[in-house]
Amino acid sequence: MSDNQSHNRVLRLPDVIQRVGIKRASIYRMMSEGAFPKPVQLGPRAVGWRASDIERWISQRPAARA
């Protein structure tokens, strides 16, 4: 998969949890505080996150820069 394709991927919650190392409840709390990317609606009861949004969020974290 090319770099462009990997950033256009949509990640489901288990993939996001594994990638960022934060549990579901913390992700949703941070979203409500505006501190985590909002998901995109995939269907009536399904959401996902753009891989590019998650990668950007990770790169902006202070621990990621250290």
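See the structure shown above.
Here goes a summary of the coordinates provided.

What counts and how
Residues numbered from 1 in each chain as written. Predicted model: local features only at pLDDT ≥ 70, side-chain atom pairs only at ≥ 80, totals over all residues. Heavy atoms only, no water. Pairing = 2+ DSSP bridges. Helix = DSSP H or I, 4+ residues; strand = E, 2+ residues; numbered from the N terminus.

Points about the pairing of strand E3 (residues 46–50)
Two elements, strand E1 (residues 10–11) and E3, share two bridges in a ladder whose sense is antiparallel. Bridging across to E3, Leu11 finds its partner in Trp49. Across three bridges, the pairing between strand E2 (residues 40–43) and E3 is antiparallel. Within the sheet, the bridge partner assigned to Gln41 lies in E3 and is Val47. Two successive antiparallel strands, E2 and E3, enclose a turn made up of two residues.

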